Amino acid sequence: MATVNSDKLSSARFAQATDAFVEIFTASVDFDQRMASQDIEGSLAHARMLCKIGILSNTELDDIINGLATITQEIEQGEFNWSVPQEDVHMNIEARLTELIGIAGKKLHTGRSRNDQVATDIRLYLRNEISNIDTQLERLQQAILDLAEKEADTIMPGFTHLQVAQPVTFGHHLMAWFEMLVRDRERLQDCCKRINIMPLGAAALAGTSYPIDRYMTAELLGFTRPSNNSLDSVSDRDFAIEFTAAGSLIMMHLSRFSEELVIWASAQFDFIDIPDAFCTGSSIMPQKKNPDVPELIRGKSGRVTGHLVSLLMLMKGQPLAYNKDNQEDKEPLFDTADTLINSLRAFADMVPHLGAKRENMYHAAKQGFATATDLADYLVRKGMAFRDAHEVVGLAVRLGVESRRDLSEISLQELQQFSSTISADVFDILSLEGSVAARKHIGGTAPDTVRAAIKSAREELN
Ligand code: ARG
């Protein structure tokens, strides 16, 4: 918590001191100090540009560079005195700079405003967080690929309506999660293109009368280009909403993945083992091993979606250009980035240790007449119309239900009661192995196809 003392952000305009509670209420330093390094980076670029256009002397620039280096050190060592009366990260750093170097510190704010400064800081901050999030996304993708490779031949039931539908391979199922993460990464990269445009130079809202060189600052800060319109530059938070929307989709994917893990780890399914290191016990029931990590991530998806809605509501009533409302964008953004990084990290750490219970998966796939569609396709290949084949298979399934047998356990003679087209080769396709092996077109579940998908995914990643 920043200290509350009297060295108020001075404005000669005010005859009265700010109400003590209003001062605390309107301050953002307790949370926006998180952007200190971006704020300093932005100030350094701005100062270099001011020197180039002759507003700062070389000595003044050197003083600013040294002063900001001292401040960086003070912040890193936890010695910086954050002050609430200085309101926010920008004013705190500027005030300390002036304390350290005098007049040159007071010149730094020439030709800029906190409005373009804060917009620049957030963009620099998000650009960096996106790179951290992407690192975790890639780690998770690698972990999924490794597990999918191990489980390329493992047969499990595929579900629709959570009812057994058709057999699939566990490797194929895992690769579905991989594909979602591919799109998640693309979305973040795409959003980054719009984040990486520089608002600095828009000043308060109308630009500045100094002959600033915005191309120079953009280049120094690694932005693609300066923004086109000063009013838009200080008021736009679309990029923050996009980031949170991309983040919400990532969390929604992790939440669905989590839900499957929770179901699969239950005694009723018993498809996977989640290692002890990622579970916790119950304080009262000694037998319990709860899948806490996936459950918590499923829960955390809600807060990120909440942040998305907050930001949309934050913006919807704002006239141009900057309004103080915008100060409310920081906490949702910081929390979105933290939640994404931590959830992805936990997931990427956990996936390599998931243990597939192959026999249970296989047994479950045998339960729900998962090869019924294969039998229908078999009849179609022998010349029957699909709707007639559907009917024949319905009768065979009914017999299976009544006599508690899988289709592959019904004898040839019994099957032939329903259609004389059926011959001994039917048993090749009624097996789970035959069913998955037949689906070998691109995007299919056949083990060899899954291995090929993994191979090309690895090439794409590298
Ligand atoms: N702390 C402010 C924010 O986060 C910085 C910009 C303040 N600008 C102003 N004109 N009051 O948005």
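The coordinates are above.
First things first, this report covers the structure right here in the doc. (Residues numbered from 1 in each chain as written. Predicted model: local features only at pLDDT ≥ 70, side-chain atom pairs only at ≥ 80, totals over all residues. Heavy atoms only, no water.)

Counting its regular elements, the chain contains 20 helices and six strands. Rg of the C-alpha trace for the chain: 31 Å, well past the compact-globule value of 23 Å for 462 residues, more than 25% over. Oriented by its inertia axes, the alpha-carbon framework of the chain measures out at about 100 × 50 × 40 Å. Counting only residues that meet the buried cut, the chain has 49% of its 462 residues in that class. (Helix = DSSP H or I, 4+ residues; strand = E, 2+ residues; numbered from the N terminus. Rg over C-alpha atoms; globule rule 2.2 N^0.38 Å. Buried < 20%, exposed > 50% of the residue type's maximum accessible area, 1.4 Å probe, protein only.)

In this section: the site of the ligand. In the vicinity of the ligand, the contacting residues are Ser28, Asp32, Asp88, His90, Arg114, Asn115, Val118, Tyr322, Gln327 and Lys330. A distance of 3.3 Å is found between a nitrogen atom of the ligand and a side-chain nitrogen or oxygen belonging to Ser28. A distance of 2.7 Å separates an oxygen atom of the ligand from a polar atom in the side chain of Lys330. Contact with the protein chains removes 85% of the 340 Å² of surface that the ligand exposes when unbound. The element best represented in the shell around the ligand is helix 7 (residues 114-150), accounting for three residues. Looking at the shell around the ligand residue by residue, the class counts come to two nonpolar, four polar and four charged. (Near = heavy atom within 4 Å. Polar contact = N/O pair within 3.5 Å; in protein donor to acceptor, adjacent residues only side chain to side chain. Areas by Shrake-Rupley, 256 points an atom, 1.4 Å probe, with all protein chains shown as cover. Nonpolar A, V, L, I, M, F, W, Y, C, P; charged D, E, K, R; others polar.)

A few words on the side chain of Glu129. Within the secondary structure, Glu129 is located in helix 7. Since its relative accessible area comes to 8%, Glu129 is described here as buried. One polar contact links Glu129 to Asn132, side chain to side chain, over a distance of 2.9 Å. Excluding its chain neighbours within four sequence positions, the residues that come into contact with Glu129 are Arg34, Ala337, Asp338 and Ile341. (Contact = heavy atoms within 4.5 Å.)

Quick look at the nonpolar core now. It is characteristic of soluble globular proteins that their nonpolar side chains tend to be buried jointly. In terms of nonpolar packing, the biggest core is built from 68 residues, with Ile133, Leu140, Ile144, Phe243, Leu261, Ile272 and Phe347 touching the most fellow members. Mapped onto this core, the elements with two or more residues apiece are helix 7, helix 8 (170-195), helix 11 (238-265), helix 12 (292-316), helix 13 (330-350), helix 14 (358-367) and helix 20 (447-461). For this core, the element with the most residues is helix 7, which contributes 13 residues. If we skip the residues at most four places from it in the chain, Leu261 touches Ile272, Ile274, Pro294, Phe347, Met350 and Leu354. (Core = buried A, V, L, I, M, F, W, Y, C linked by side-chain atoms within 4.5 Å.)

Moving on: the packing of helix 7 against helix 13. The N-to-C vectors of helix 7 and helix 13 enclose an angle of 15°; their axes lie 8 Å apart at closest approach. Relative to helix 13, helix 7 is oriented roughly parallel. In this structure, the crossing between helix 7 and helix 13 has a hand that is left-handed. Residue-level inspection shows Val118, Ile122, Tyr125, Leu126, Glu129, Asn132, Ile133, Gln136, Leu137, Arg139, Leu140 and Ala143 of helix 7 in contact with helix 13, the latter providing Lys330, Leu333, Phe334, Ala337, Asp338, Leu340, Ile341, Leu344, Arg345, Phe347, Ala348 and Asp349. Split into classes, the residues belonging to the contact of helix 7 with helix 13 amount to 16 nonpolar, two polar and six charged. (Axes fitted to C-alpha atoms, helices over the stretch in contact; angles between N-to-C directions. Parallel < 35°, antiparallel > 145°, perpendicular 65-115°, else oblique. Left-handed = near helix turned anticlockwise from the far one by under 90°.)

The sheet contact formed by strand 1 (residues 155-160) and strand 2 (residues 163-169) spans six bridges and is antiparallel. Note that in strand 2 the partner of Thr160 across the bridge is Gln163. From the end of strand 1 to the start of strand 2, which pair antiparallel, there are two residues, and His161 there has a positive phi angle of about 55°. (Pairing = 2+ DSSP bridges.)

This brings us to the pattern of salt bridges. Scanning the entire structure with this criterion turns up 34 salt bridges. Linking Asp276 and Lys289 is a salt bridge whose minimum nitrogen-to-oxygen distance equals 2.9 Å. Remark: Lys289 occurs in the loop between strand 5 (272-273) and helix 12 and Asp276 occurs in the loop between strand 5 and helix 12; sequence separation between them is 13 residues. Since its relative accessible area comes to 58%, Asp276 is described here as exposed. What makes Lys289 partly exposed here is its relative accessible area of 38%. Linking Asp374 and Arg439 is a salt bridge whose minimum nitrogen-to-oxygen distance equals 2.8 Å. Taken together, the residues span a long stretch of sequence, with Asp374 in helix 15 (residues 372-381) and Arg439 in the loop between helix 19 (432-438) and helix 20 at a distance of 65 residues. When sorted by exposure, Asp374 lands in the same class as Arg439, which is buried. Overlapping salt bridges, with partners in common, bring together Glu87, Asp88, Arg114 and Lys324 in one network. (Salt bridge = Lys/Arg side-chain N within 4 Å of Asp/Glu carboxyl O.)

The next subject is the packing of aromatic side chains. Applying the stated criterion across every chain yields a total of eight aromatic pairs. A centroid spacing of 4.9 Å and a plane angle of 40° characterise the contact between Phe257 and Phe347, whose relative ring orientation is tilted. Of this pair, Phe257 sits in helix 11 while Phe347 sits in helix 13, and the two are 90 residues apart along the sequence. An identical accessibility class is assigned to Phe257 and Phe347; each is buried. Pairwise contacts between aromatic rings join Phe159, Phe269 and Phe271 into one cluster. A cation over an aromatic ring shows up here: Arg13 above the ring of Phe14, its NZ or CZ 6.0 Å from the ring centre. One residue, Arg127, lies across the ring of Phe223, its end atom 5.2 Å from the ring centre. (Phe/Tyr/Trp six-rings, centres within 6.5 Å; stacked < 30°, edge-to-face > 60°. Lys NZ or Arg CZ within 6 Å of the ring centre and 35° of its normal.)

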